[in-house]
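# Structural overview
As a plain string of letters, each chain reads:
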Amino acid sequence: GTDLTRRLLQFSRQEQFSAHHCQVNEVIAGMEELLGKSLTTQIKLRTEVNKDVADIYVDRGDLEDALLNLVLNAKDAMGGEGDILIKTDITYLSGLLPGITGSPQVEEGQYVTVSVTDSGCGIPSHLLEKIFEPFFTTKDKSKGTGLGLSMVYGFVKRSKGYMSVMKSDEQGTEFCLWFPVTKQ
């Protein structure tokens, strides 16, 4: 109950957003053990981090929640076995955001990307435009609230970033979070 209330307050933006400079690779390294223990032994979790990624300005706890949520969603999509890859990189964006979930205009500049890719069942194309909506879920009511992806999306937006689905087919899904590089 406490966790659900916290998430609802975050979603409605009534909870304080506490952003700081953050090194995303350190966050991922610090979470690997927790993420690994959240998975079955038939799921292989890998990370590929670009050691040259710059700092981002985010709420560290929200970033940890987002990563955990994306990994748990990936686990559910794979039915207990498969591969999950968490990857970081740096890229330059201008024009339209890449991905298959719309293509909003982006603010031009350098972005740190954090992607979570799974080898699961994918998301049917007719559901892609709904996946970030609050309370939308394809899971049984006893297995999810439908707040996970909308919470991640809200956190990314509060961090002045973008979120997209880069691929989704029968061989899996890739979610990508795009965070602007922190100005020094």
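For the structure, see preceding data.
Overview of the structure. No experiment lies behind these values; they were computed from the predicted model shown.

Take helix 3 (residues 60-78) next. Taking 1.5 Å as the rise per residue, helix 3 with 19 residues should run 27 Å; its terminal C-alpha atoms sit 27 Å apart, in good agreement. Every buried residue of helix 3 is accounted for by Asp62, Leu63, Ala66, Leu67, Asn69, Leu70, Val71, Ala74 and Met78. A side-chain oxygen of the first residue of helix 3 lies 3.0 Å from the backbone nitrogen of Gly61; this N-cap is Asp59. Directly after helix 3, the chain includes Gly79, whose backbone phi takes a positive value near 65°.

Tallied over the full model, the rule gives four aromatic pairs. Each ring, one from Tyr111 and one from Tyr162, has its centre 5.9 Å from the other, and the planes form 55°; the classification is tilted. Of the two residues, Tyr111 sits in strand 5 (residues 105-118) while Tyr162 sits in strand 6 (residues 162-169), which places them 51 residues apart along the sequence. For the pair Tyr111 and Tyr162, a shared accessibility class is recorded, and that class is buried.

What follows covers the sheet that holds strand 2 (residues 43-48). Backbone-to-backbone hydrogen bonds pair the strands of a sheet. The strands run either parallel or antiparallel. Pairing is mixed across the open sheet formed by five strands, whose spatial order is 2-4-5-7-6. Both edges of this open sheet fall to strand 2 and strand 6, since each of them pairs with a single strand only. Across the sheet, the mean angle from the axis of one strand to that of its neighbour is 25°, orientation sign disregarded. Sheet analysis places strand 5 next to strand 7 (residues 172-180), joined by seven bridges and oriented antiparallel. Note that in strand 7 the partner of Tyr111 across the bridge is Pro180.

Per the counting criterion, the structure on display carries four salt bridges. Salt-bridge contacts for Lys37 lead to Glu33; the nearest nitrogen and oxygen are separated by 3.1 Å. Within this pair, Lys37 and its partner Glu33 are both found in helix 2 (residues 24-37), separated by four residues, close to a single helical turn. Judged by relative accessible area, Glu33 falls into the exposed class, the value being 56%.

Counting buried positions along strand 7 yields seven of nine residues, so the element is predominantly enclosed. Relative to strand 7, strand 6 runs antiparallel, the two sharing seven bridges. Paired with Tyr162 across the two strands is Trp178, which belongs to strand 7.

Of note, Asp118 is situated in strand 5. Of the side chains with opposite charge, Lys167 lies nearest to the buried Asp118, which makes no salt bridge, at 6.6 Å. For Asp118, the side chain forms a polar contact with the main-chain nitrogen of Gly120, separated by 2.7 Å.

Here the focus is the packing of helix 2 against helix 3. Packing of helix 2 against helix 3 leaves a shortest axis separation of 10 Å and a crossing angle of 50°. Of the possible angle classes, the one that applies to helix 2 and helix 3 is oblique. For the crossing formed where helix 2 meets helix 3, the hand is right-handed. On the side of helix 2, the interface is formed by Val24, Glu26, Val27, Ile28, Met31 and Leu35, while helix 3 contributes Arg60, Leu63, Glu64, Leu67, Leu68 and Val71. Counted by class, the contact of helix 2 with helix 3 contains nine nonpolar, no polar and three charged residues.

The rules we used
- Residues numbered from 1 in each chain as written.
- Predicted model: local features only at pLDDT ≥ 70, side-chain atom pairs only at ≥ 80, totals over all residues.
- Heavy atoms only, no water.
- Helix = DSSP H or I, 4+ residues; strand = E, 2+ residues; numbered from the N terminus.
- Expected span 1.5 Å × (residues − 1).
- Buried < 20%, exposed > 50% of the residue type's maximum accessible area, 1.4 Å probe, protein only.
- Polar contact = N/O pair within 3.5 Å; in protein donor to acceptor, adjacent residues only side chain to side chain.
- Phe/Tyr/Trp six-rings, centres within 6.5 Å; stacked < 30°, edge-to-face > 60°.
- Pairing = 2+ DSSP bridges.
- Axes fitted to C-alpha atoms, helices over the stretch in contact; angles between N-to-C directions.
- Salt bridge = Lys/Arg side-chain N within 4 Å of Asp/Glu carboxyl O.
- Lys, Arg positive; Asp, Glu negative; His and termini not counted.
- Parallel < 35°, antiparallel > 145°, perpendicular 65-115°, else oblique.
- Left-handed = near helix turned anticlockwise from the far one by under 90°.
- Contact = heavy atoms within 4.5 Å.
- Nonpolar A, V, L, I, M, F, W, Y, C, P; charged D, E, K, R; others polar.

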